[in-house]
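Tertiary structure, described
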Amino acid sequence: MGLFLVRTLFYTFIPPLKFARFLKQIRFIGFQSTIVILLTGGFSGMVLGFQGFYSLSRFGSDAFLGPMVGLALIKELGPVITALMVTGRAGSAIAAEIGIMRISEQIDALELMGLNPYRYLVVPNFLAAIICLPLLTAIFDVVGIFGGFLIGGKLLGVGAGTYFGEMANYVEMRDIMEGVYKSLSFGIIIVWVSCFKGYYTGIFTGFGAEGVSSATTQAVVLSSVLILVWDYFMTSLLF
Amino acid sequence: MIEIEGLHKSFDGNEVLSGVSLAINKGEVVALIGGSGCGKSVLVKHVVGLMKPDRGRVIVDGREISTLNSRGLRELRARLGFLFQGGALFDSMTVFENVVFPLKEKTKLSDELIRTRAFKELELVGLSGSEHKYPSQISGGMVKRAALARALVMDPEIMVFDEPTTGLDPVIGLAILRLIDACHRRLSFTGLIVTHEIPKVFSIVDRVAMLHKGIIWAEGSPQEFVSSKDSVVREFVGEGTEGSFIR
Ligand SMILES: Nc1ncnc2c1ncn2[C@@H]1O[C@H](COP(=O)(O)OP(=O)(O)OP(=O)(O)O)[C@@H](O)[C@H]1O
Ligand SMILES: [Mg+2]
């Protein structure tokens, strides 16, 4: 599996890049995920608004709702939930697509044309994920912060100035960078695991339709677990 | 041109090939026949380097395939055409896109030239009019023919066909065999045809090899096969040629 990542990186930095496929995957991984991200981001923020207000007001410090929601989203929930959503949406589809190409010998056909399957199938996904994940996470964060304001500010009465002002005071650049690093590495994990599982359908999983379905399942489960484990390590490193 | 020496291959302890040896000279077309599941597809996949032998060697053009690095393999494959038994068309592309794909990726021809070449090839296999359908929208026989067009469009020096006519009706099947023959005359490729099309295929090949029990059981000219005394060969070839029908 490590070798798979090394090869992917190798072909990522050695041109030519299959640009049309790259754009197609940006559209698929990025653009078509935005609705899901808007919804999950908004509701996560709103829940944080409620929960945060409830907890903070016990200590009489509901003025800090803004920083609390902001930090939770930017450092933790934004990258993680975005990555989990993209895993479910795009990771599974990538694993299934590559898996089907494997069992129907389309990958062999590519190789026999003297073309490199990594270049055609893996690298475009890889680059697209690296670009899209931080952007989707940013959308998630922004929508979430406004969702939190909708509840905390409009419904529960924290002022807009307090909410956003305190947030601006307490959220630092390094918090934002932490989120960016996390989302980048999650993007790598998703594509790495999904492409790997799809690519080796029939070798590490069964054959046929069942092989593809278990490759897909394994891709989603393994990506999700790796995301959360890696998140722990990154958090403890960047703490 | 193609030399197979003592090829062994087993899957999970089940030996499929147990010492296959076969040589195909340059410009020659050989038919590979044998019972279903006897390992014909496995054998031809070794020839193009999609599978690695457990033991034995495959030498194409003086170079042993399993020792080639990725560049060597790429150079070899640039001169080689392979028709998959299942077609292996890219299902996210239309038939036309499938046929132009190798030309677009591997040659520097102009788009105009590529289009005309692809249309000509599609016409030859009788697929004009279905260019813009996707593989899932056409019949199995049409998939086969589209895959054949894709394999032939690069004018390969070595062609391997894995059951080019299986699943086609007799008329189109015969037309495809004639097409392969015509291409051979034009390009004089070295060919290996896996087929069950006995005796039809005998008229377009130079030699026939029969795979049975993991080895090349019999090998010779089509005439030798038709008049063979070997009981296994007779059972396989005899029926069609002598007209012994089951009543
Ligand atoms: N990837 C594989 N893994 C395990 N076993 C395999 C694999 N490929 C082929 N086999 C086995 O090898 C044997 C030969 O298969 P092969 O596909 O070569 O048969 P064939 O001669 O091409 O038959 P047909 O005429 O039906 O196409 C079969 O018993 C099959 O189970
Ligand atoms: Mg076969």
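Parameters and conventions
- Residues numbered from 1 in each chain as written.
- Chains lettered and ligands numbered in written order.
- Predicted model: local features only at pLDDT ≥ 70, side-chain atom pairs only at ≥ 80, totals over all residues.
- Heavy atoms only, no water.
- Contact = heavy atoms within 4.5 Å.
- Buried area = accessible area lost by both parts, 1.4 Å probe.
- Salt bridge = Lys/Arg side-chain N within 4 Å of Asp/Glu carboxyl O.
- Polar contact = N/O pair within 3.5 Å; in protein donor to acceptor, adjacent residues only side chain to side chain.
- Helix = DSSP H or I, 4+ residues; strand = E, 2+ residues; numbered from the N terminus.
- Pairing = 2+ DSSP bridges.
- Axes fitted to C-alpha atoms, helices over the stretch in contact; angles between N-to-C directions.
- Domains from an automatic or database assignment.
- Buried < 20%, exposed > 50% of the residue type's maximum accessible area, 1.4 Å probe, protein only.
- Lys, Arg positive; Asp, Glu negative; His and termini not counted.
- Near = heavy atom within 4 Å.
- Patch = residues over 30% accessible without salt bridge, like charges linked within 9 Å, V, L, I, M, F, W, Y side chains within 5 Å.
- Areas by Shrake-Rupley, 256 points an atom, 1.4 Å probe, with all protein chains shown as cover.

**Details of the interface of chain B and chain A**
Contacts between chain B and chain A engage 17 residues on the former and 15 residues on the latter. Sorting the residues of chain B by area buried against chain A places Arg77, Phe84 and Phe90 of chain B first, and these three jointly supply 31% of that buried surface. The residue Lys45 of chain B makes a salt bridge to Glu105 of chain A at a minimum N-O spacing of 2.6 Å. Taken together, the connections running from chain B to chain A amount to 4 residue pairs in polar contact (both at pLDDT 80 or more). If one sorts the elements of the side of chain B that touches chain A by residue count, helix H3 (residues 95-106) of chain B sits on top with 4 residues.

**Remarks on the sheet that holds strand S1 (residues 2-11) of chain B**
Picture the strands of a sheet paired through backbone hydrogen bonds; they go either parallel or antiparallel. All names here are of chain B. In spatial order, the strands read S2-S1-S4-S5; together these 4 strands make up an open sheet with antiparallel pairing. A single partner strand is all that each edge strand has here, and the edge strands are strand S2 (14-24) and strand S5 (63-64). Pairing of strand S4 (residues 55-60) with S5, which is carried by 2 bridges, proceeds in the antiparallel orientation. Directly across from Ile59, in S5, lies its bridge partner Glu64. Packed onto the sheet, helix H1 (residues 40-47) meets S1, S2 and S4 and runs at close to 125° relative to S1.

**A closer look at the environment of Val160 of chain B**
One can find Val160 of chain B in strand S7 (residues 158-162). Residues Val160 of chain B and Gly35 of chain B, spaced 125 residues apart in sequence, show a C-alpha to C-alpha distance of 18 Å.

**Comments concerning the domain arrangement of chain B**
Residue and element names in this part refer to chain B. Taken domain by domain, chain B comprises domain 1 (1-79 + 161-247) and domain 2 (87-155). Taken together, the contact between domain 1 and domain 2 spans 15 residues of the former and 10 residues of the latter. Buried area between domain 1 and domain 2, both sides added, is near 1,000 Å², and the carbon and sulfur share of it is 72%. For domain 1, the biggest contributors to the area lost against domain 2 are Leu179, Arg186 and Leu187; these three give 36% of the whole. The interface formed by domain 1 and domain 2 holds 0 salt bridges in total. Elements supplying a minimum of two residues to the side of domain 1 that touches domain 2: S7 and helix H6 (170-187). It is H6 that provides the largest number of residues to the side of domain 1 that touches domain 2, a total of 6 residues.

**Considerations on the side chain of Arg150 of chain B**
Residue placement: Arg150 of chain B occurs in helix H5 (residues 140-152). Despite its burial, Arg150 of chain B remains without a salt bridge, the nearest opposite charge being carried by Glu105 of chain A at 8.6 Å. In this structure Arg150 of chain B touches Ala109 and Met113 of chain A together with Gly87, Ala88, Leu89, Phe90, Asn98, Val99 and Pro102 of chain B, once residues within four positions along its chain are discounted.

**Thoughts on the site of ligand 1**
All names here are of chain B. Not every one of the 13 residues close to ligand 1 is listed here, only the nearest: Ser36, Gly37, Lys40, Ser41 and Gln85. With respect to ligand 1, the side chain of Ser41 contributes an N or O atom lying 2.7 Å from an oxygen atom. For ligand 1, an oxygen atom lies 3.1 Å from a polar atom in the side chain of His196. It is H1 that contributes the most residues to the shell around ligand 1, 3 residues altogether.

**Re a nonpolar patch on the surface**
On the surface, Val221, Val225, Val229, Trp230, Tyr232 and Phe233 of chain A cluster together into a nonpolar patch covering about 590 Å² of accessible area. Position of Phe233 of chain A among the secondary structure elements: in helix H9 (residues 208-238).

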